[in-house]
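Reading the structure
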Amino acid sequence: MTFSNLKLIKPLISALEKKGYTDPTPIQQQAIPIVLQGRDIFGCAQTGTGKTAAFALPILQLLDAKRATSKKGIKALILAPTRELALQISENFKEYGTNLGLSHVTIFGGVSQFHQVAALKKGVDILIATPGRLLDLIQQGFIKLNAVEHFVLDEADRMLDMGFINDIKRIIPMLPAKRQTLFFSATAAPDIMKLANKILVNPEHVAVTPVSSTTTLVKQSIYYVKKEDKRMLLKFVLKQEKINHVLVFTRTKRGADKVAKDLNKDGIKAEAIHGDKSQGARERALKGFKDRKINVLVATDVASRGIDVDKLSHVINFELPEVAETYVHRIGRTGRAGESGIAMSFCTRDEMPYLKEISKLINKNIEVVKSHPYS
Ligand code: AMP
């Protein structure tokens, strides 16, 4: 399945290519066709599943298609519970919409409204907002919602947890009754369903399993090691376990370069990919790895997102990620599609807190390998 199969238009496909994304995630595969048909959605999906693109891409496409005939004013409203999420969503619209020339503005509380109001005055197609500031600027007369055709309520469960229910109840009646509504929540608790039933019309339900449950097929192990011994340990493990096709994760770009260089010095074919490398260099490295001309691909998390290699047998965490969910995404690169995979992680004393968070998220203790020379 590719993004073209989902009938996305060229400008979006090329923006995705620029990001290095080739294959839609499960939530994108499910949601994009439904949104393009104009239907409402109840989506059960957490952050990290690619849900932002699942609504941003089709909304951009729909807005682009009816650009000539639409009323003036805000045509898509995205509500998010936090400033961080609002900014993240905004970044997604910017990147995916880079070839379309639709305007978007992001508003949230806790900062002066001056720049936000100035941006609104220039005219907006897509507004990304937190509920409090949105109501505030509506009351001051800077925002009208009468032209909204697409309404997204993102992380509805967190909205309710944070006490935004009354704000949301005030915002909904200001929206045109004839609109498309996309409702996303990590849970389907009764109070969530109650809200969803109130604002959705004949919705299609889409769901993807939370990230933490994808780890069952992967055999995971931990190697405790001193920082200065990690590179020796990596070579030891590659040799002892006869691993000749592996994705190795580092936390930093420099770290990735160093590991790849060190392996090459020892005659092991390795390449690093990260954000400082050109798109061409990244594609070449990836192709070399897929064609098995390169044995070890060393990647940072950001660079690894677009990597989709079939039947990856091994993943090694040379460094543990600071965010536990990232660990799950990393090891999810192995053991794909029902195959079992192996994930090894190197952990220093400094990284112990990360390991603790990871164990908590995946709800199990990872087996420790004691029998290695750098223990
Ligand atoms: P989200 O769940 O929307 O927060 O997305 C999680 C991360 O996955 C973000 O960094 C996205 O940029 C990235 N992402 C979204 N769609 C894809 C895709 N189809 N392939 C690879 N990465 C993606």
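Everything here concerns the structure above.
Residues numbered from 1 in each chain as written. Predicted model: local features only at pLDDT ≥ 70, side-chain atom pairs only at ≥ 80, totals over all residues. Heavy atoms only, no water.

Observations regarding the site of the ligand
- Inspection of the region around the ligand gives 14 residues, with Tyr 21, Gln 28, Gly 48, Gly 50 and Thr 52 positioned closest.
- At a separation of 2.7 Å, an oxygen atom of the ligand approaches a polar backbone atom of Gly 50.
- Burial of the ligand by the protein chains amounts to 85% of its free accessible area of 500 Å².
- Each residue belonging to the shell around the ligand can be placed in one class, and the counts come to three nonpolar, eight polar and three charged. (Near = heavy atom within 4 Å. Polar contact = N/O pair within 3.5 Å; in protein donor to acceptor, adjacent residues only side chain to side chain. Areas by Shrake-Rupley, 256 points an atom, 1.4 Å probe, with all protein chains shown as cover. Nonpolar A, V, L, I, M, F, W, Y, C, P; charged D, E, K, R; others polar.)

A word on a positive patch on the surface
- Together, Lys 227, Arg 231, Arg 254, Lys 258, Lys 261 and Lys 265 give the surface a local cluster of positive charge.
- Among the structural elements, Arg 254 can be located in helix α11 (residues 253-265). (Patch = residues over 30% accessible without salt bridge, like charges linked within 9 Å, V, L, I, M, F, W, Y side chains within 5 Å. Salt bridge = Lys/Arg side-chain N within 4 Å of Asp/Glu carboxyl O. Lys, Arg positive; Asp, Glu negative; His and termini not counted. Charge placed at Lys NZ, Arg CZ, Asp CG, Glu CD. Helix = DSSP H or I, 4+ residues; strand = E, 2+ residues; numbered from the N terminus.)

So, the pattern of salt bridges
- One pass over the full model with this rule turns up 18 salt bridges.
- Among the ionic pairs, Asp 154 bridges to Lys 51, the shortest N-O distance being 3.1 Å. A residue pair is termed long-range when its members are at least 10 positions apart, and Asp 154 in the loop between β5 (150-153) and α7 (156-161) and Lys 51 in helix α3 (residues 51-65) qualify at 103 residues.
- Classification of Lys 51 as buried rests on a relative accessible area of 3%.
- When the shortest N-O distance is used, the salt bridge between Lys 66 and Glu 149 registers 2.9 Å. Separated by 83 residues along the polypeptide, Lys 66 in the loop between α3 and β2 (76-79) and Glu 149 in the loop between α6 (131-139) and β5 bring together distant segments of the chain.
- Judged by its relative accessible area of 24%, Lys 66 falls in the partly exposed class. (Buried < 20%, exposed > 50% of the residue type's maximum accessible area, 1.4 Å probe, protein only.)

Side note on the sheet that holds strand β7 (residues 204-207)
- Reading across the sheet, the seven strands line up as β3-β4-β2-β5-β6-β1-β7 and stay open at both edges, with parallel pairing between neighbours. With partners counted over all chains shown, the strands left at the sheet margins are β3 (104-107) and β7, one partner each. Strand-to-strand, the axes of this sheet are offset by a mean angle of 15°, without reference to chain direction.
- For β2 and β5, the ladder comprises four bridges, and the chain directions are parallel. (Pairing = 2+ DSSP bridges. Axes fitted to C-alpha atoms, helices over the stretch in contact; angles between N-to-C directions.)

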